[in-house]
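# Results of the structural survey
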Amino acid sequence: MSASLAPECNGVKERYDTCFLKWYSEKYLRGTGKTDDNECTKLFEDYQKCLSVALKERGIDKLLKEAREDNKENDAEHMKRK
Amino acid sequence: MVLTHTTNHTYSHPFPTVTLAFFLRYYSPQLNPFSSHVLSTDTISSHVDPDTGRLHTTRIHLKRSRMPAAVVKLLPTSVTGGGGDKSSYVLENSVVDIREGWMKTESQNLNFTGILSIVEQQHYSVSPPDATASSAERDSVLGTSPLASTVARPISPNTFVTTTFSYRSSLGNKKQDHAALASTDASDEPGPRRIGGWISGWGANRIQRSIESIASNKTDDAVNKSRDGMRMVLERLRSNGVVAVLMELRRREGKSVFDQS
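What you see is a predicted model, and the numbers here were worked out from it, not measured in a lab. (Residues numbered from 1 in each chain as written. Chains lettered and ligands numbered in written order. Predicted model: local features only at pLDDT ≥ 70, side-chain atom pairs only at ≥ 80, totals over all residues. Heavy atoms only, no water.)

## Focus: the overall build of chain B
- When you go through chain B residue by residue, the secondary structure sums to nine helices and seven strands.
- Taken across its 261 residues, chain B has 46% of its residues classed as buried.
- The long-range fraction of contacts in chain B, counting pairs at least 24 apart against all pairs at least 6 apart in sequence, stands at 70%.
- Roughly 12,500 Å² of accessible area belongs to chain B as shown, and the carbon and sulfur atoms make up 54% of that amount. (Helix = DSSP H or I, 4+ residues; strand = E, 2+ residues; numbered from the N terminus. Buried < 20%, exposed > 50% of the residue type's maximum accessible area, 1.4 Å probe, protein only. Contact = heavy atoms within 4.5 Å. Areas by Shrake-Rupley, 256 points an atom, 1.4 Å probe, with all protein chains shown as cover.)

Have a look at this one:
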């Protein structure tokens, strides 16, 4: 079972992962899982509540923001060249 | 400069199973023995686009030794943090379109980007790489509307994947230094205090090229391991469905099995 980067979130993460994989294989891949609001939504919210604290503590939220800004810059440069 | 490295591969498994294996590939070293360098995996966003029916997922993986040891040796400890902790956060974005039969993924390292930025892009498809454009054209000529039908085409027994790695070192470049040293960048004093000052003396450009080529030379090995891992997950899924695979893993870990309500 893959761990969360925050050990305190392992429980909620595992419940979400199991739900997601089941939804993905049994619904999405069969063309019936078309909405965001599914049986895993509540589990995902619990998981994110736990995880977002850890992302902030470890400065990963900043790394994410930097990566998004860099990607935006690179995209803008590509557009300019054309 | 950017060094790129592109390879093609064919999995003898249908597309839906390959996408499932992609999500499962770091799930457990028991499922994929080539995933023991992955310390953690977290999903930070997951949603289905209501217009296209595409599933967009963002995950963060923590991997050990993402930075090749040869690169770490080239760098002063002030940059690598002593070289003891070489684990790296990897951001993975993926989009699956089950109706059109393709998945695109992009993974990039989140830290050490000032030294080396590695981007891995993968394009999985039900059709071979050179046929993709024409099949997309055919679909648009037929005017297939989104969500009009589920996968109606015959299921191809194979899945084609094109993988492109891009390596870019910007060590010594002004902007990247700024990002790398953001925490110690309290003063605005310019000059050789930066890594740029340290490195430009003996040829920043040459070091950047060395770092890119060392990393690029390791690509084949990384690609092979990643394919072997995918294949092992795929074989498990071929003989058992995903739910059976997950329950078996839980049993082996000595945990109680979730109720399947």
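## Points about the confidence of the model for chain B
All names here are of chain B.
- Summarising the model, chain B shows a mean pLDDT of 78, and 70% of its residues fall at 70 or more.
- Low pLDDT (under 50) marks residues 134-152, which in the prediction has 20 contacts with non-local residues, meaning those over four places away or in another chain.
- Predicted confidence is poor over residues 176-193, with pLDDT under 50, and the contacts of this stretch with residues over four places away or in other chains come to 19 contacts.
- Prediction confidence for the complex, expressed as pTM and ipTM, is 0.80 and 0.90 respectively. (pLDDT = per-residue confidence, 0-100.)

## A word on the state of the cysteines
Residues and elements named next belong to chain A.
- For the structure shown, the criterion picks out two disulfides over all chains.
- Through a disulfide, C9 is tied to C50; the S-S separation comes to 2.1 Å. The S-S bond linking C9 to C50 shows a torsion near -90°; that makes this disulfide left-handed. Placement of C9 in the segment before α1 (10-26) and of C50 in helix α2 (residues 41-57) is noted, with a sequence separation of 41 residues between them. (Disulfide = S-S within 2.5 Å.)

## Focus: the pairing of strand β7 (residues 159-168) of chain B
All names here are of chain B.
- Summarising burial for β7: nine of the ten residues are buried, a large majority.
- Of the pairings in the sheet, the one linking strand β1 (residues 3-11) to β7 comprises nine bridges and is antiparallel in character. The partner of N8 across the bridge, within β7, is T162.
- Here strand β6 (residues 117-125) pairs with β7 via nine bridges, running antiparallel. Of the residues in β7, the one forming a bridge with Q122 is T163. (Pairing = 2+ DSSP bridges.)

## Description of helix α9 (residues 242-252) of chain B
- Among the residues making up α9 of chain B, those that are buried are V242, V243, V245, L246, L249 and R250 of chain B. The buried side chains of α9 of chain B occupy one side of the element, clustering within an arc of 160° when seen end-on.
- Here the buried face of α9 of chain B lies against α1 of chain A together with α1 (15-24) and α8 (219-239) of chain B. (Arc of directions from axis to C-beta.)

## Some words on helix α7 (residues 204-217) of chain B
Residue and element names in this part refer to chain B.
- For α7, with 14 residues, the first-to-last C-alpha span of 20 Å sits near the 20 Å given by 1.5 Å per residue.
- Among all positions of α7, only A204, I207, Q208, I211, E212, A215 and S216 are buried. The buried residues of α7 all sit within an arc of 165° when viewed along its axis, so they share a single face. Turned more than 90 degrees away from the buried face of α7 sit R206 and N217, all of them exposed. (Expected span 1.5 Å × (residues − 1).)

## What about the pattern of salt bridges?
All names here are of chain B.
- The final tally for this structure, using the stated rule, is 16 salt bridges over all chains.
- Taking the shortest distance from any N to any O, the salt bridge between E100 and R54 comes out at 3.4 Å. With E100 in the loop between β4 (88-97) and β5 (102-109) and R54 in the loop between β2 (38-48) and β3 (55-63), the pair connects residues that are 46 residues apart, well separated along the chain.
- What makes E100 partly exposed here is its relative accessible area of 26%.
- With a closest N to O distance of 3.2 Å, R99 and E100 form a salt bridge.
- Residues participating in the shared-partner salt-bridge network are R54, D97, R99 and E100. (Salt bridge = Lys/Arg side-chain N within 4 Å of Asp/Glu carboxyl O.)

## Section: the sheet that holds β2 of chain B
- Spatial ordering of the open sheet is given by β1-β7-β6-β5-β4-β3-β2 (chain B), a layout of seven strands whose pairing is antiparallel. Every other strand in the sheet has two partners, leaving β1 and β2 of chain B as the edge strands with one partner each. Neighbouring strand axes in the sheet, compared pairwise and without regard to direction, differ in orientation by 15° on average.
- The pairing of β2 of chain B with β3 of chain B spans nine bridges and is antiparallel. Paired with H47 of chain B across the strands is H56 of chain B, a residue of β3 of chain B.
- Set on the sheet, α1 of chain A makes contact with β2, β3 and β4 of chain B; between it and β2 of chain B the angle comes to about 55°.
- Taken strand by strand, α1 of chain B contacts β1, β3, β4, β5, β6 and β7 of chain B, and its axis lies near 160° from that of β4 of chain B. (Axes fitted to C-alpha atoms, helices over the stretch in contact; angles between N-to-C directions.)

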